[in-house]
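Observations on the model geometry
For reference, the chains in residue letters:
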Amino acid sequence: QVQLVESGGGLVQAGGSLRLSCAASGRTFRFNAMGWFRQASGKEREFVAAINWNGGSTYYADSVKGRFTISRDNAKNTVYLQMNSLKPEDTAVYYCAAANQYGVGVQDDYYDYWGQGTQVTVSS
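Note that this is a predicted model, so its numbers are computed, not measured.

Remarks on the side chain of Arg67
By secondary structure assignment, the location of Arg67 is in the loop between β6 (58-60) and β7 (68-73). According to the relative accessible area criterion, Arg67 is buried, its value standing at 11%. At 3.0 Å, the side chain of Arg67 and the backbone oxygen of Ser85 are in polar contact. Those residues within four positions of Arg67 in sequence are excluded, and the remaining contacts are Gln82, Met83, Asn84, Ser85, Leu86, Lys87 and Asp90.

Set out below in structure tokens:
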């Protein structure tokens, strides 16, 4: 069982940066692939970024490639999403997810555990 708690969301102006953190509990965290998803108001949840179990492989949605960076620290049971050059269209609730898999996944049904989400609002 893995429990996930996101933090780091907030209000930022366009062009600014935020770093989201996702703290995981559970002894198997270091074997879990992790992902970030987001859901804007009135829209479906979409994939943002994913990282494999040891951080050696990452994957990004085209909309965030070159602006966002996913990373993990298995010693701290934490995964991060560094978000730079933020745009108003990045406004959403951001969710952290963990999979009982080693490799990266982009579909939300690949993931077994979800956090409660953290709001990110980018003003123009």
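Focus: the pattern of salt bridges
A full pass over the atoms with the stated rule returns 5 salt bridges. Between Arg45 and Asp108 there is a salt bridge; the shortest N-O distance is 3.4 Å. With Arg45 in the loop between β4 (33-39) and β5 (46-51) and Asp108 in the loop between β9 (92-99) and β10 (113-114), this pair connects stretches of sequence that are 63 residues apart. Classification of Arg45 by relative accessible area gives partly exposed; the value is 33%. Judged by relative accessible area, Asp108 falls into the partly exposed class, the value being 31%. A salt bridge links Asp90 to Arg67, with the nearest nitrogen and oxygen atoms 2.8 Å apart. With Asp90 in the loop between β8 (78-83) and β9 and Arg67 in the loop between β6 and β7, the pair connects residues that are 23 residues apart, well separated along the chain. Of the two residues examined, Asp90 and Arg67, each falls in the buried class. Among the charged side chains, a salt-bridge network with shared partners connects Arg38, Glu46, Arg67 and Asp90.

Looking at the packing of aromatic side chains
Scanning all chains against the criterion turns up 9 aromatic pairs. Considering the side-chain rings of Phe31 and Tyr102, the 6.4 Å spacing of their centres and the 85 degrees angle between planes classify their relative orientation as edge-to-face. On the criterion of sequence distance, the pair formed by Phe31 in the loop between β3 (18-25) and β4 and Tyr102 in the loop between β9 and β10 is long-range, its members being 71 residues apart. Ring geometry for Phe37 against Tyr111: centres 5.4 Å apart, planes inclined by 80 degrees, an arrangement best described as edge-to-face. Note that Phe37 is positioned in strand β4 and Tyr111 in the loop between β9 and β10, a separation of 74 residues in sequence. For the residue pair Phe37 and Tyr111, the accessibility class agrees, reading buried in each case.

Description of the pairing of β4
Within β4, 6 of the 7 residues are buried, which leaves the element mostly enclosed by the surrounding structure. One ladder, built from 7 bridges, connects β4 with β9; its direction is antiparallel. Across the sheet, the residue bridging to Gly35 is Ala97, located in β9. Pairing analysis gives 5 bridges linking β4 to β5, with the strands arranged antiparallel. Across the sheet, residue Trp36 finds its bridge partner in β5, namely Ala49. Counting the residues between successive antiparallel strands, the hairpin from β4 to β5 contains 6 residues, one of them, Gly42, with a positive phi of roughly 80 degrees.

Definitions and limits used
Residues numbered from 1 in each chain as written. Predicted model: local features only at pLDDT ≥ 70, side-chain atom pairs only at ≥ 80, totals over all residues. Heavy atoms only, no water. Helix = DSSP H or I, 4+ residues; strand = E, 2+ residues; numbered from the N terminus. Buried < 20%, exposed > 50% of the residue type's maximum accessible area, 1.4 Å probe, protein only. Polar contact = N/O pair within 3.5 Å; in protein donor to acceptor, adjacent residues only side chain to side chain. Contact = heavy atoms within 4.5 Å. Salt bridge = Lys/Arg side-chain N within 4 Å of Asp/Glu carboxyl O. Phe/Tyr/Trp six-rings, centres within 6.5 Å; stacked < 30°, edge-to-face > 60°. Pairing = 2+ DSSP bridges.

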